[in-house]
Amino acid sequence: MAVSDQLAALNRCPVHFTKKLSGPVYAAGIEVLQLNVGKRCNLFCRHCHVEAGDKRKEIMSAETLDMCLEVIRANDNISVIDITGGAPEMNPGVKEFIEKATKLGTRLIVRSNLAILAEQEYSEFIDIYAQNKVEIVASLPDCDENRANRQRGKGFFAKFIQAAKILNEKGYAKEKSDLVINLVHNPLGAYLPANQKSLEQNYKLILKNKYDIDFNSLFCINNMPVGRYLDFLLTSGNYDEYMYELLQAFNPTALENVMCRTMVSVAWNGRLFDCDFNQMLNMPVSSRYSDHISSFDMEKLSGRPIVLHNHCYGCTAGAGSSCQGALE
Amino acid sequence: MASNYYEPEDLADFSNITEYAQDQGAKFFDYYGVSTSAGRLSEREKTLIALTVAMTQNCPYCIDAYTNKCLSLGISEDEMMEAVHVGASIMAGITLVHSTQMRKIIRKKSM
Ligand code: SF4
Ligand code: SF4
């Protein structure tokens, strides 16, 4: 969907997000550097806010990856590197980046769809992740094959299970192991997820009993009205109702903890954003606070005002939502 | 008066039923909260029961609320439909079992 159409749709929301606030929201330091290493992906999920797919050409260059590494090296308070995409594995520079980043000792998270690890060409990442103690975050919208495939495409579920089994064999989510794999649940339609703990119990029960798969925690993430999911909301006639639901569920406490307050998100071309959603809506950090990884200014960025729009209701609805799941 | 007896937006008014009778309303919400949240039965089981009652009582508000809650909990369409059939068959049974009264009267009154 064109960015202008997305913004036009978001503008239709009856109460602008900023009207719910007493003033601007400012960052409170930077602990997480999130890198969107490219929009290329082996999957073509129906809710994807990145609108990723195998035809996408936007890939973070080795040079930009190096600049990110430099920023992390120079700034001790960045304690988490969070790699996302697309499928991060499809960026040819990511392997080397992981190896170099591990040497810095910074906690490293990769958001993988797992299905890609079942493909011969990318299976080496299983060992790369395990050897470098990469924390894996993997989306599984439902424990039922048909329902999961409905969102993430035919054949997804079987590959996911295949890769998860191998990761368990390597030690992921096993007792006394420091290898962590967390799963993400996001709803399969125009509604909000239920309580995270309750869904986690259910996931653990089904995945263990039916597939003998272990994982550490389940994160529930609201679907954000951005990209393909916004398109789905509009074409299915659910947009107004969904936005109303988000608006009704606005939780000011969740606002305190929204992820953009402690994160900077780097786009494939090095531009800086408050989060991955702002990337897709082309709403960058103002150049006054530095807007490119090549001019990263920790001091200025640490107190920058966050660029907000009506998609932000997705982060503040109910228990709140972030890349690490519910905020409460 | 609204054009329909049931307006979808009115569901949001549920929390205001305490109006004019605060004490009773507040006590109802305490009771409602405790009864519908997880106990010996899981949240999923209780939500399916609530959905089934909503269906049998033809309450559009509760059907809306509990269908959405089932979806949020990851309850599948076939699980929901099975629950509806439990409600439908029990309702059918309740109707049919009352034919006992009818048949007793028929037997007594007929020559
Ligand atoms: S949601 Fe993730 S796995 Fe699916 S298409 Fe988008 S980037 Fe790829
Ligand atoms: S969507 Fe809005 S509130 Fe959420 S992380 Fe991005 S900028 Fe912050």
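In this text, all values refer to a predicted model and were calculated from it rather than measured experimentally.

Observations regarding the pattern of salt bridges
All names here are of chain A.
Part 1: Summed over all chains, the structure comprises 22 salt bridges over all chains.
Part 2: Here R107 and E135 are joined by a salt bridge, their closest N and O atoms 2.8 Å apart. Taken together, the residues R107 in strand 3 (residues 107-111) and E135 in strand 4 (residues 135-139) connect sequence positions 28 residues apart.
Part 3: A residue is classified by how much of its surface remains accessible, and R107, at 39% relative accessible area, is partly exposed.

Quick word on the layout of surface pockets
Part 1: Here the largest pocket defines a volume of roughly 1,900 Å³.
Part 2: What lines the largest pocket is a set of 50 residues, among which E245(A), L11(B), A65(B), N68(B) and K69(B) lie closest to the centre.
Part 3: Those elements giving two or more residues to the lining of the largest pocket turn out to be helix 7 (196-211) and helix 9 (239-248) of chain A together with helix 1 (22-36), helix 2 (43-56) and helix 3 (60-72) of chain B.
Part 4: Class assignment of the residues belonging to the lining of the largest pocket gives a composition of 26 nonpolar, 13 polar and 11 charged.
Part 5: In this structure, the second largest pocket spans a volume of roughly 290 Å³.

Thoughts on the sheet that holds strand 4 of chain A
The strands that make up a sheet are held in pairs by hydrogen bonds between backbone atoms, and each pair lies either parallel or antiparallel.
All names here are of chain A.
Part 1: Spatially, 6-5-4-3-2-1-7-8 is the arrangement adopted by the 8 strands of the open sheet, whose pairing is mixed. On the outer flanks of this sheet lie strand 6 (218-220) and strand 8 (272-273), each paired with one strand and no other.
Part 2: Of the pairings in the sheet, the one linking strand 4 to strand 5 (residues 181-185) comprises 4 bridges and is parallel in character. Looking at strand 5, one finds that I136 is bridged to I181.

Considerations on empty space enclosed by the protein
All names here are of chain A.
Part 1: Taken as a whole, this structure holds 3 cavities of 30 Å³ or more when the rule is applied.
Part 2: The space that makes up the largest cavity amounts to roughly 680 Å³.
Part 3: Taken together, 37 residues form the lining of the largest cavity, with H47, H49, T84, S139 and R152 sitting closest to its centre.
Part 4: The biggest single contributor to the lining of the largest cavity is strand 4, with 3 residues.

Reading the values: the criteria
- Residues numbered from 1 in each chain as written.
- Chains lettered and ligands numbered in written order.
- Predicted model: local features only at pLDDT ≥ 70, side-chain atom pairs only at ≥ 80, totals over all residues.
- Heavy atoms only, no water.
- Salt bridge = Lys/Arg side-chain N within 4 Å of Asp/Glu carboxyl O.
- Helix = DSSP H or I, 4+ residues; strand = E, 2+ residues; numbered from the N terminus.
- Buried < 20%, exposed > 50% of the residue type's maximum accessible area, 1.4 Å probe, protein only.
- 1 Å grid on protein atoms, 1.4 Å probe; cavity = no way out; pocket = protein on both sides within 12 Å on 5 of 7 lines; lining within 4 Å.
- Points joined across faces, edges and corners; volume = space filled by probe spheres on them.
- Nonpolar A, V, L, I, M, F, W, Y, C, P; charged D, E, K, R; others polar.
- Pairing = 2+ DSSP bridges.

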